[in-house]
Amino acid sequence: MVEVKDIEKLFETDGYLRPFEHEIRRRHGVLQDWLSKINQSEGGMEEFSQAYKHYGLHFQPDNSVIAREWAPGAKDVYLTGDFNNWHWESHPFKKLDFGKWELHLPPNEDGSPAIKHMSEIKVIIRNHSGQLLDRLSPWAKYVVQPPKSANQGVNYKQYVWEPPSYERYQRQHPRPARPKSLRIYECHVGIASQEPRVGSYDEFADRIVPRIKRQGYNCIQVMAIMEHAYYASFGYQVTSFYAASSRFGNPEQLKRMIDVAHSHGLFVLLDVVHSHASKNVQDGLNQFDGTNSCFFHDGARGEHSLWDSRLFNYVEYEVLRFLLSNLRWWHDEYNFDGYRFDGVTSMLYHSRGIGEGFSGDYNEYFGLNVDTDALNYLGLANHMLHTLDPKIITIAEDVSGMPTLCRPVSEGGIGFDYRLGMAIPDKWIELLKEQSDDEWDMGNLVHTLTNRRWMESTVAYAESHDQALVGDKTCAFWLMDKEMYTHMSTVSDSSVIIDRGIALHKMIRLITHALGGEAYLNFMGNEFGHPEWLDFPRVGNNDSYHYARRQWNLVDDNLLKYKYLNEFDRAMNEAEERYGWLHSGPAWVSWKHQGDKIIAFERAGLVFVFNFHPQQSFTGYRVGTNWAGTYQAVLSSDDPLFGGHNRIDANCKHPSNPEGYAGRSNFIEVYTPSRTVVVYARVSD
């Protein structure tokens, strides 16, 4: 039986896992076998996960250049570029064992390197049919799409990134401490511009990072950094895994952006896509060595039919080296502090054709239903990352609810720190789209917000980029729709629709923040109810950038009501920073009354009272609490600063009564206005 150091802790957390002990141990044994193999053959994970120091193009102290590639299906490999006037076959690689190739380029007669910074190069592959195929190196650090005016097509070109020392960005700030409570601002550099164009790393650093800091977030999750040829893919069709997207700037500018974020105390997470890869051949990984396999499975297992992309072969030694080193690369070279792993559910199920419907039956998570090769890769990745840097944060985009996903590898788990609470935004869209708020089921809402695995941390969010994309609507747009065009001015006539929308928008976000998980996420602009949708330039919209931007002018205009939502978002985050409910234990829900539309719960020493009733306000409403003392409102969505009606007296004291109520040992009596949330803190014993 495979030894798993802390497996009993796993069963103490969830006794229903005990019948699957053999499978958990078997999976852990596969991971241990890989670690043993890497230790014996490679000198350990430290060496194995830094393949970027070996593969690709490397300048030596004597100004010679060494190029190395892995192309197991190639007959011959060559390097070409402006350095040799594009003679495809003049510089052949030497074939080594295990599909590896190497080329040494001596310095020029004057001692300068044969290849210069910003030289354009290509790898040429001769397949076994004798055809010569031009490719970009999988290890390319900088690739650029030619401008339309150049009439050179749309395929990306690889440029050598080896700037002189004086042009390289030097970090000025240390990494911030790992947050106890994770408040994530999900963002995209390109659409952060207010103007209808692609934003830049420098603009994001100088204009957007200070906004994020002011809003009380302590972490940014940056999307679409790994180079992707198709802008409208939102970064999920990666073509060059080691290249920072050049449409936003160069690598040094990205390093500066991250350093500026660190100077503001912000953790920086990379949205990493290792679940699949673009099918692009000439400027992607697909068919790099002239075969249909190389980095991917051949045949149907190597194709993702829904995404029209390629699926990695996670049992191939060099593929593991490539992917694990990719994680090290972004951490070591760019100073990212962690990762959100995209498409974890698809990694574990879609590669074998299993759908996304999950009943919660544990048999769905063990046995042949799961792609254990992908699962093993995720375990290796988390083990490597957390060994490298214990402060690293990893988040799984998972809708399956797989047990052990967010438990330590030492327990037989997969090692993620958090998973996304993907059922929560689905519930909000369902409610906003299909029911009026007087029909909302309080019990069902509480169930959705609290239905998560014990001791496996969840990132709660009311909406992310998914809900903002064209074809869907944000919460604000579901709530207020076209009224946002005519009644968001503070001097315009009042609107019942706008009043309702602003009130519910605040309540939706705070109940998600306080009840839905152990971390919180917001997508850029949604904090102030950004109107309309996201739509990247494409053929279907005449390559327009009109919807591929963020209209910061709306929240900056003091005469518009967007400021109310923005201020509430800031106050909500500041309250969490003060009281720390995200890193406290789970909430205790003492009251969920369908008729009154009241939800009340305690967390982190606070009492939260939500009144979702469209018309009814209640005076002297009893709310249970286990903590005796005198309470006072510390946050009210009805505050005029947040566009409220000022029905809560923040100076009013609420002494507890020792009579038991709602299963709690004490109660307080409060005034709870309709469509309002009030948070009470104990100000004296």
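Residues numbered from 1 in each chain as written. Predicted model: local features only at pLDDT ≥ 70, side-chain atom pairs only at ≥ 80, totals over all residues. Heavy atoms only, no water.

Most of strand β10 (residues 182-188) sits inside the fold, with 7 of its 7 residues counted as buried. The alternating pattern of β10 places Leu182, Ile184, Glu186 and His188 on one face and Arg183, Tyr185 and Cys187 on the opposite face, and all of these are buried. Here β10 pairs with strand β21 (residues 519-523) via 5 bridges, running parallel. Considered in β21, the bridge of Arg183 is made with Tyr520. (Buried < 20%, exposed > 50% of the residue type's maximum accessible area, 1.4 Å probe, protein only. Helix = DSSP H or I, 4+ residues; strand = E, 2+ residues; numbered from the N terminus. Pairing = 2+ DSSP bridges.)

Before going further, it helps to spend a moment on the domain arrangement of the protein chain. For the protein chain, the assigned domains read domain 1 (53-160), domain 2 (182-289 + 337-342 + 394-579) and domain 3 (588-682). A C-alpha centroid distance of 29 Å is found between domain 2 and domain 3. With 30 residues of domain 2 at the contact, the number on the domain 3 side is 30 residues. Summing both sides of the interface, domain 2 and domain 3 together bury roughly 2,500 Å²; the carbon and sulfur share of this comes to 73%. When residues of domain 2 are sorted by the area they lose upon contact with domain 3, Met442, Met507 and Tyr579 head the list and together hold 27% of the total. Our count for the domain 2 to domain 3 interface comes out at 1 salt bridge. Here Arg675 ties to Asp437 by a salt bridge, and the two come within 2.8 Å at their closest N and O atoms. Elements that contribute at least two residues to the side of domain 2 that touches domain 3 include exactly α10 (442-450), α13 (496-515) and α15 (562-579). For the side of domain 2 that touches domain 3, the element with the highest residue contribution is α13, accounting for 11 residues. Broken down by class, the residue content of the side of domain 2 that touches domain 3 amounts to 18 nonpolar, 2 polar and 10 charged. (Domains from an automatic or database assignment. Contact = heavy atoms within 4.5 Å. Buried area = accessible area lost by both parts, 1.4 Å probe. Salt bridge = Lys/Arg side-chain N within 4 Å of Asp/Glu carboxyl O. Nonpolar A, V, L, I, M, F, W, Y, C, P; charged D, E, K, R; others polar.)

By size, the foremost hydrophobic cluster in this structure holds 177 residues, and its most contacted members are Leu79, Phe204 and Trp330. Examining the composition of this core, we find that 10 residues originate from one element, helix α6 (residues 317-334), more than from any other. What Trp330 contacts, discounting residues up to four positions off in sequence, is Ile225, Met226, Phe241, Tyr242, Ala243, Ala244, Leu254, Leu270, Asn335, Phe336 and Tyr339. (Core = buried A, V, L, I, M, F, W, Y, C linked by side-chain atoms within 4.5 Å.)

For the rest of this paragraph, the subject is α10. Turning to α10, its buried residues are Met442, Leu445, Val446, Thr448 and Leu449. For α10, the angular spread of buried residues about the axis comes to 160°, placing them on one side. At the N-terminal boundary of α10, the capping side chain belongs to Asp441, with an oxygen 3.0 Å from the backbone nitrogen of Gly443. (Arc of directions from axis to C-beta. Polar contact = N/O pair within 3.5 Å; in protein donor to acceptor, adjacent residues only side chain to side chain.)

Position of Leu635 among the secondary structure elements: in strand β26 (residues 630-636). When the C-alpha atoms of Leu635 and Ala681 are compared, they prove to be 9.1 Å apart, with 46 residues separating the residues in sequence.

Here we take up the packing of helix α9 (residues 423-434) against α13. Remark: α9 packs on α13, axes separated minimally by 12 Å, with the N-to-C direction vectors making an angle of 155°. Overall, the two elements α9 and α13 adopt an arrangement that is roughly antiparallel. In this structure, α9 crosses over α13, and the sense of that crossing is right-handed. Between α9 and α13, the contacting residues are Ile424, Trp428 and Leu432 on the first element and Ile508, Ile511 and Thr512 on the second. In terms of residue class, the contact of α9 with α13 is made up of 5 nonpolar, 1 polar and no charged. (Axes fitted to C-alpha atoms, helices over the stretch in contact; angles between N-to-C directions. Parallel < 35°, antiparallel > 145°, perpendicular 65-115°, else oblique. Left-handed = near helix turned anticlockwise from the far one by under 90°.)

Bringing the pairing of strand β14 (residues 267-272) into the picture now. Most of β14 sits inside the fold, with 6 of its 6 residues counted as buried. Side chains of β14 alternate between two faces, with Phe267, Leu269 and Asp271 and Val268, Leu270 and Val272 buried alike. Two elements, strand β11 (residues 219-223) and β14, share 4 bridges in a ladder whose sense is parallel. Paired with Cys219 across the two strands is Phe267, which belongs to β14. Examined bridge by bridge, β14 and strand β17 (residues 338-341) share 4 bridges and lie parallel to one another. Bridged to Leu270 within β17 is Tyr339.

The sites that UniProt annotates as "active site" (unreviewed entry) are Asp342 and Glu397. A maximum C-alpha distance of 5.4 Å among these annotated residues, which run over 56 residues, shows that they cluster at one spot. Relative to the helices and strands, Asp342 resides in the loop between β17 and α7 (344-348). In this structure, Asp342 is in contact with Tyr236, Asp271, Val272, Val273, Ser275, His276, Met347 and Glu397, ignoring residues within four places of it in sequence. Summarising the element assignment, Glu397 is placed in the loop between β18 (393-396) and β19 (418-420). (UniProt positions renumbered as here; feature names shortened; annotations may be inferred.)

This part takes up unusual backbone geometry. Its identity as a non-glycine residue notwithstanding, Asp481 has a phi of 45°, on the positive side. Positionally, Asp481 belongs in the loop between α12 (475-480) and α13. A positive phi angle, close to 60°, is found at Asn542, a residue other than glycine. In this structure, Asn542 sits in the loop between β21 and α14 (552-556).

The antiparallel open sheet is built from 6 strands, whose spatial order is β22-β23-β24-β29-β26-β27. Edge strands, defined here as strands with exactly one partner in the open sheet, are β22 (588-593) and β27 (654-655). Bridge count for β26 against β27 is 2 bridges, and the pairing is antiparallel. Along β27, the bridge assignment pairs Thr630 with Pro655. On top of the sheet, α13 reaches β22, β23 (598-603), β24 (606-611), β26 and β29 (676-684); it is set at about 35° to β23, its chief contact.

Here we take up the packing of aromatic side chains. Taken as a whole and judged by the stated rule, the model has 48 aromatic pairs. Ring geometry for Tyr231 against Tyr545: centres 6.5 Å apart, planes inclined by 40°, an arrangement best described as tilted. Taken together, the residues Tyr231 in the loop between β12 (226-227) and β13 (240-244) and Tyr545 in the loop between β21 and α14 connect sequence positions 314 residues apart. Tyr231 gets classed as buried once you look at its relative accessible area, which sits at 8%. Judged by centre distance (5.4 Å) and plane angle (15°), the ring pair of Tyr314 and Tyr377 falls under stacked. (Phe/Tyr/Trp six-rings, centres within 6.5 Å; stacked < 30°, edge-to-face > 60°.)

All right, on to the confidence of the model for the protein chain then. Reading fine detail from the predicted coordinates is not recommended where pLDDT is low. For the protein chain, the average pLDDT comes to 95, and 98% of its residues sit at 70 or higher. For the stretch residues 351-355, pLDDT sits under 50, and the model shows 11 contacts to residues farther than four places along the chain or on other chains. (pLDDT = per-residue confidence, 0-100.)

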